[in-house]
Structures are given as structure tokens and as C-alpha cells.
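# Structure assessment
The primary structure of each chain is shown beneath.
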Amino acid sequence: MGNACSNHLGIPPAKGPSAVGCTDFMMDHTGQGSFFRLYYPCQESETAEKPDWVPCREYFNGLADFMKINRSLSERIFNHLFGSFKIPAYMDASFKSNGKCPVIIFSHGLGAFRTLYSAICAELASQGFIVASVEHRDQSASATFYYREKTESEKANQSVPKTSDSAQDNLVKEWMYYRTLKHGESEFPLRNKQVKQRADECILALDRLTEINSGRPGQNVLQTQFDWTTLENSMDLCRIAVVGHSFGGATVIEALCKEVKFKCGVALDAWMFPLDDEIFARVKQPIFFINSEKFQWAGNISRMKKLDSAVIQRKMITIRGTVHQSFPDFTFMTGNWIGKLMKLKGEIDPELAIDLSNKATLAFLQRHLGLEKSFNQWDPLIDGLDDNLIQGTNITVLQSAI
Ligand SMILES: CCN(CC)CCN(C[C@]12C[C@](c3ccc(C(F)(F)F)cc3)(C1)C2)C(=O)Cn1c(SCc2ccc(F)cc2)nc(=O)c2c1C=CC2
């Protein structure tokens, strides 16, 4: 378990009754295909390995670009700091669930990628959800990859003759890195285009899960040991929600608007800037805004309040002592003073913060997906009834701005 043994650092294990498995899926192989990490309830396993938190070094390179720090220096720092952390899930473990699982599509934030929210996704899977954490190809991720067909010349001078006819033989891995705003480029057109693509990618991931659920998994381009046919009839496709952090929170709103199969949404510290004004009247599903104390500002909150409705449940809570990074896994990765210095931690204990967020999320999902679980025990959290929660927001928004 790498660092986590030496000290208390590392991603907290999930608290739900099920063990958690995870695996990766990409179909089709192009940048227009669907790419996600799947977290699911699994059989206990002694043998399965826990995967590395950051899958490969290109992600660290992308992160360095995103943070505008030197690649070679940062790669050594990131590897030293985070290189040996494991995800609290078993790679390719066998799926196991009594009854159909409700489904969640998760959307990451700007500069993140599919593996960085495992404390949230693994917790939801341990509580019986199947969670697809999408990796977006809108150039908002620090890094992501896809494949292209080999050209004739590449095929011609490939070292080993094409023996095994595996899908990957004819394919070349391509990396896509975070797109920085060009000097003088206005931000809204880019972010608005990206949020629409992100919503489409969430819908495409749902379509792939629907095919997998009907026993037609198709061709997963990634060579994993997971047997996708075991997921036939595993999903309750009447109980689907979309969840996301920051830019992923805006993606939640856009996806709800585009796809009514998403019955409700949970937006974690949403960044509302990328959204068109006219979308607010078009979203009909319940939405739960779970905000950090330090990230929000009046303009952002007033856009959330445009979604207030007398007939559709719209809820908002703020977790005291949290920062924007209290939701991604980085908040568990460093000691207190580095964490606070780098704004990866707030004043509140990171595990308490994510526990409150996860329990409030589960209660909201039970209410709006009609689950027969015991998550309603956490209903008070939806109304901010806890010492560490504020109902609504700590930000004062001028009446005129609403
Ligand atoms: C100067 C760069 N400038 C870019 C526009 C601002 C950079 N920034 C603040 C950061 C992310 C930070 C970060 C990460 C990771 C370490 C590490 F050291 F732990 F690796 C440190 C420090 C740097 C905190 C944000 O963008 C905040 N943010 C995020 S952060 C999502 C994320 C990204 C990378 C991760 F590894 C984990 C989570 N997602 C959003 O959707 C939005 C925003 C702002 C508006 C919309």
C-alpha cells in the first residue's frame, strides 16, 4: 500500500457494505469514443491488485502543464509525493451485486482526469452504485489518450510482424493535453463549447453502459482482465444520476438539460461560468449543490439561484472549512501544512468533509431515484442540519443579482 502504511496519508477506504472493483473502458478507440473508469460492487478478493492512483507519467506531465510548472521538475516531485498511492478498489475484480445497481455518471473538473475522484466514486460503488468516471476529450483534462489507426508505412516498418491480431496491433496511442487559453482569447466561447462536449460524453458513456447492460459490451480497446458480460442485466436504467466537480458541476446541469434519463444531478462546488443563461429555465430535474466555503463567489452563486424552483427540488449546502480541492483525491495526499499551503486542504478534516458530502449525496439520490436503501438516515444533511454544514451558502448575493 505504499505511503499509506507509513503514515495516515492516502485515500480513505469506502464505508459501504460492498467491496469495490474498478476497471477501464474505451470504445471506440478514437477521440470521439467513450473513455471511463468504472467503479462497481465486487466480490471480496485477496488476489486482485489495487491500481495506481495516477495511471502513467503522461498524466503528471499534463498536470505540470496545467499548473504552469516545469515538466521534468514536477514529474520528479509528483512521483515522489504521489507516485505510490493506491486507489481503494480492486482492479478488474469480479462484479457482484444482489439486485440491479443504480447508475452514476461522474464528470471531473478542469485540469483533472478520470482517476482523481476515487474517494467519491469508490464510496458510491461500495453503497451499491455502478459509477462511470468519464475522462473528457474536450482538452479540459490535464491529459488523456486515445488511439488512431497505423498508417501503411507504420504497418510496413513495424518491428515485429503482425502476429496476434489483437485490436491494439493496428493502433497507435495518441496523447491529448490540457488546452491553455491563448493570450487575448475570450474564455466563454471555449468553456461553453467544452461543457457541451462534456455533456455529450456523459450521455455517450450512458449509452455504452446501456449496451453493456444488454449483454452487448462491444470491443473494449483497453486490454483489461475484466469480463464485461458479467454486467449483463446488472444496471437499473430507470435510476440514473449525473454527478460532477467544478467544471464537472456545470457539466451536470448541461447533461440534465440534454438527457432526461438523468433523473437528478449533484453538482460539487460547481463552476457555473461555462453555461448559457437560457439553460436555467430548461432543466427540469432535481439538483443538489454541495459547495465549499472558500471557492464560491456572488456571481457564481447567483447563477445557481437562477435554478431555484417552487416545483422542482433544488437544494444547496456549504461544508464549513472546505476549499475547492476538498473534493478531489489530492486533499488526502499530503500532510497538513503542505496541504494548506497548496490549498489542497481546508480547516476541516478532509475525511470528515468528504464523508459529509458523500452521505448528503446518498440521501439526495435515494430521495430522487426512489431507492429502497437506508440513505434517508442522512436526510438532515440535505438541509444543512449539521455543525459542519451551512444550509444554502455563506456568500451574500445582492437581491438584484438573483
Ligand atoms: C494556475 C492554473 N489555473 C488553471 C486555470 C488555476 C488552477 N486551479 C486551481 C488548482 C488545481 C490545483 C492543484 C491541483 C493539484 C495539485 C497537486 F500538487 F496536488 F498536484 C496542486 C494544485 C491548481 C488547485 C483550478 O483550475 C481550480 N479549478 C479546478 S481544479 C480541478 C482539479 C485539477 C487538477 C487536479 F489534480 C485535481 C483537481 N477545476 C475546475 O473545474 C475549475 C477550477 C477553477 C475554475 C473551474
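A brief report on the enclosed structure follows. (Residues numbered from 1 in each chain as written. Predicted model: local features only at pLDDT ≥ 70, side-chain atom pairs only at ≥ 80, totals over all residues. Heavy atoms only, no water.)

## Quick look at the environment of Val195
Within the element layout of this structure, Val195 appears in helix 6 (residues 187–213). It is 7.6 Å that separates the C-alpha atoms of Val195 and Phe247, two residues lying 52 residues apart in sequence. Apart from residues no more than four positions distant in its own chain, Val195 is found in contact with Phe247, Ala250, Thr251, Glu254, Pro274 and Leu275. (Helix = DSSP H or I, 4+ residues; strand = E, 2+ residues; numbered from the N terminus. Contact = heavy atoms within 4.5 Å.)

## So, the pairing of strand 10 (residues 287–292)
Side-chain positions along a regular strand alternate between the two faces of the sheet. When you tally the buried positions in strand 10, you get six out of six residues, the bulk of the element. Judged by which residues are buried, strand 10 turns out to be covered on both faces: Ile287, Phe289 and Asn291 on one side and Phe288, Ile290 and Ser292 on the other are all buried. Pairing analysis gives four bridges linking strand 9 (residues 264–268) to strand 10, with the strands arranged parallel. The residue of strand 10 that forms the bridge with Val266 is Phe288. Pairing of strand 10 with strand 11 (residues 314–319), which is carried by six bridges, proceeds in the parallel orientation. Within strand 11, the residue paired with Ile290 across the bridge is Ile317. With helix 8 (residues 298–305) bridging strand 10 and the parallel strand 11, this β-α-β connection has right-handed handedness. (Buried < 20%, exposed > 50% of the residue type's maximum accessible area, 1.4 Å probe, protein only. Pairing = 2+ DSSP bridges. Right-handed = clockwise from strand over helix to strand, strands pointing away.)

## Side note on helix 4 (residues 118–126)
A large share of helix 4 lies buried, amounting to nine of its nine residues. Restricting attention to buried positions, one finds in helix 4 the residues Ser118, Ala119, Ile120, Cys121, Ala122, Glu123, Leu124, Ala125 and Ser126. On its buried face, helix 4 is in contact with strand 1 (19–27), strand 2 (34–42), strand 4 (101–107), strand 5 (130–134), strand 9 and helix 10 (350–369). Where helix 4 terminates, the next one or two residues include Gly128, which has phi positive at roughly 105°.

## Some details on the sheet that holds strand 8 (residues 235–245)
In a beta sheet, neighbouring strands pair by backbone hydrogen bonds and run either parallel or antiparallel. The strand order across the open sheet formed by ten strands is 3-1-2-5-4-8-9-10-11-12, and the pairing between neighbours is mixed. Two strands lie at the open edges of the sheet, namely strand 3 (90–91) and strand 12 (389–391), each paired on one side alone. Packed onto the sheet, helix 7 (residues 247–258) meets strand 4, strand 8, strand 9 and strand 10 and runs at close to 140° relative to strand 8. (Axes fitted to C-alpha atoms, helices over the stretch in contact; angles between N-to-C directions.)

## Details of the pairing of strand 11
In terms of burial, strand 11 is largely enclosed, as five of its six residues are buried. Here strand 11 pairs with strand 12 via three bridges, running antiparallel. Counted as the bridge partner of Ile317 is Gln391 from strand 12.

## Side note on the packing of helix 4 against helix 10
In helix packing, the relevant descriptors are the interaxial angle and the interaxial distance, both defined with respect to the helix axes. One can describe the packing of helix 4 onto helix 10 by two numbers: an axis separation of 11 Å at closest approach and a directional angle of 45°. Taken together, the axis directions place helix 4 and helix 10 in an arrangement best described as oblique. At the point where helix 4 passes helix 10, the crossing takes the right-handed sense. Contact residues: Ala119, Ile120, Glu123 and Leu124 in helix 4; Ile354, Asn358, Thr361, Leu362 and Leu365 in helix 10. A per-class count over the contact of helix 4 with helix 10 returns six nonpolar, two polar and one charged. (Parallel < 35°, antiparallel > 145°, perpendicular 65-115°, else oblique. Left-handed = near helix turned anticlockwise from the far one by under 90°. Nonpolar A, V, L, I, M, F, W, Y, C, P; charged D, E, K, R; others polar.)

## Concerning the nonpolar core
Membership of the largest hydrophobic core comes to 68 residues, with the highest contact counts inside it found for Tyr39, Trp53, Phe129, Ile290 and Leu365. Examining the composition of this core, we find that nine residues originate from one element, helix 10, more than from any other. (Core = buried A, V, L, I, M, F, W, Y, C linked by side-chain atoms within 4.5 Å.)

## Structural notes on the pattern of salt bridges
Overall, the coordinates contain 20 salt bridges when judged by the stated rule. One salt bridge in this structure joins Arg114 and Asp24, with 3.0 Å as the shortest N-O distance. Taken as a pair, Arg114 in the loop between strand 4 and helix 4 and Asp24 in strand 1 lie far apart in primary sequence, 90 residues in all. Residue class for Arg114 comes out buried when judged on its relative accessible area of 3%. Here Asp24 falls in the buried class, since its relative accessible area comes to 7%. For Lys155, the salt bridge identified is with Glu152, shortest N-O distance 3.7 Å. Pair noted here: Lys155 and Glu152 are both in helix 5 (residues 152–156), with a separation of three residues, about one helical turn. (Salt bridge = Lys/Arg side-chain N within 4 Å of Asp/Glu carboxyl O.)

## So, the site of the ligand
Within the structure, the ligand sits among 20 residues, and Leu110, Ser246, Phe247, Phe330 and Met342 are positioned closest to it. In isolation the ligand exposes 840 Å². Once the protein is present, 80% of that is buried. Counting residues per element, the ones that place at least two in the shell around the ligand are helix 2 (57–66) and helix 3 (71–82). Class assignment for the residues of the shell around the ligand results in 15 nonpolar, five polar and no charged. (Near = heavy atom within 4 Å. Areas by Shrake-Rupley, 256 points an atom, 1.4 Å probe, with all protein chains shown as cover.)

## Thoughts on the side chain of Gln194
Following the sequence through the fold, Gln194 ends up in helix 6. Gln194 gets classed as buried once you look at its relative accessible area, which sits at 3%. In this structure the side chain of Gln194 is engaged in a polar contact, spanning 2.8 Å, whose partner is the side chain of Arg191. Discounting residues that sit within four places of it in the chain, Gln194 has contacts with Asp138, Gln139, Ser140 and Phe247. (Polar contact = N/O pair within 3.5 Å; in protein donor to acceptor, adjacent residues only side chain to side chain.)

Treat this as a map of the structure, not an account of what it does.
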